Amino acid sequence: MIRLLSTLVRLAGDILACLNHIVQLLQASGLPDSAGKIDAPAKNDTAAPPEKPDIDAYTEEELCTVGEACLAMNVSRSHIDRMRNREEFTKLEHKNGRVRLVKAEVEAAKVWYSKRKGKL
């Protein structure tokens, strides 16, 4: 009975974490909230495009390769690429085309994604 309750508590925590992530995604997309208001930021056509993050701002220990992220999260490279395209990871590229990910972001994604999928 105690084992069942602890499993239910753990699952409830996982569900809450997933719901919080969904709320964050909805808020970022500018969809209406429960009152029907849209919380999207005002567009400014004259604004400069956002700056690309500087890869030199990170140490080598703070970064990992896409392959290392695949192993850490137990997902395919194409899945990591889709997550990068959805901007779930900061896009860091060397001038020679090598891609690096921020380890802290990969670890955070591992918690909310892999745990939900039962891969932890």
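The rules behind each value
- Residues numbered from 1 in each chain as written.
- Predicted model: local features only at pLDDT ≥ 70, side-chain atom pairs only at ≥ 80, totals over all residues.
- Heavy atoms only, no water.
- Helix = DSSP H or I, 4+ residues; strand = E, 2+ residues; numbered from the N terminus.
- Buried < 20%, exposed > 50% of the residue type's maximum accessible area, 1.4 Å probe, protein only.
- pLDDT = per-residue confidence, 0-100.
- Arc of directions from axis to C-beta.
- Pairing = 2+ DSSP bridges.
- Patch = residues over 30% accessible without salt bridge, like charges linked within 9 Å, V, L, I, M, F, W, Y side chains within 5 Å.
- Areas by Shrake-Rupley, 256 points an atom, 1.4 Å probe, with all protein chains shown as cover.
- Salt bridge = Lys/Arg side-chain N within 4 Å of Asp/Glu carboxyl O.
- Disulfide = S-S within 2.5 Å.
- Core = buried A, V, L, I, M, F, W, Y, C linked by side-chain atoms within 4.5 Å.
- Contact = heavy atoms within 4.5 Å.

## Side note on the overall build of the protein chain
Counting secondary structure elements, the protein chain contains four helices and three strands. Tracing the protein chain from N to C terminus, the helices and strands come up as α-β-α-α-β-β-α. Per-residue burial over the protein chain gives 22% buried out of 120 residues.

## Notes on the confidence of the model for the protein chain
Across the protein chain, the average pLDDT comes to 75, with 69% of residues at 70 or higher. Of all secondary-structure elements in the protein chain, the lowest mean pLDDT belongs to helix H1 (residues 2-29), at 71, while helix H3 (residues 77-85) reaches the highest, 91.

## Some words on helix H2 (residues 66-73)
Regarding H2, the residues found buried are Val-66, Ala-69, Cys-70 and Met-73. Taken down its axis, H2 places every buried residue within 105 degrees of arc, on the same side. Directly after H2, the chain includes Asn-74, whose backbone phi takes a positive value near 60 degrees.

## Concerning the pairing of strand E3 (residues 99-102)
Alternating positions in E3 separate into two faces, Val-99 and Leu-101 on one and Arg-100 and Val-102 on the other, with burial throughout. Judged from the two bridges that link them, strand E1 (residues 63-64) and E3 form a sheet pairing that is antiparallel. The residue bridging Cys-64 from the neighbouring strand is Leu-101, located in E3. Bridging between strand E2 (residues 92-93) and E3 involves two bridges; their strand directions are antiparallel.

## Some details on a nonpolar patch on the surface
A cluster of nonpolar side chains, Ile-15, Leu-19, Ile-22 and Leu-26, forms an exposed patch at the surface whose accessible area comes to about 360 Å². Of note, Ile-22 is situated in helix H1. By relative accessible area, which is 43% here, Ile-22 ends up partly exposed.

## Looking at the state of the cysteines
For the coordinates displayed, the defined rule picks out zero disulfides. There is no disulfide at Cys-64, and the cysteine sulfur nearest it, in Cys-70, is 9.3 Å away. Of the residues examined, Cys-64 reaches a relative accessible area of 6% and is grouped as buried.

## Here's the deal with the nonpolar core
Val-66, Ala-69, Met-73, Ile-80, Phe-89, Leu-101 and Val-106 are the most contacted members of the largest nonpolar core, which has 14 residues in total. Listing elements by their share of this core, those giving two or more residues are H2, H3, E3 and helix H4 (103-114). At four residues, the largest contribution of residues to this core is made by H2. Leaving out residues up to four positions away in the same chain, Ala-69 has contacts with Cys-64, Ile-80, Leu-101 and Val-106.

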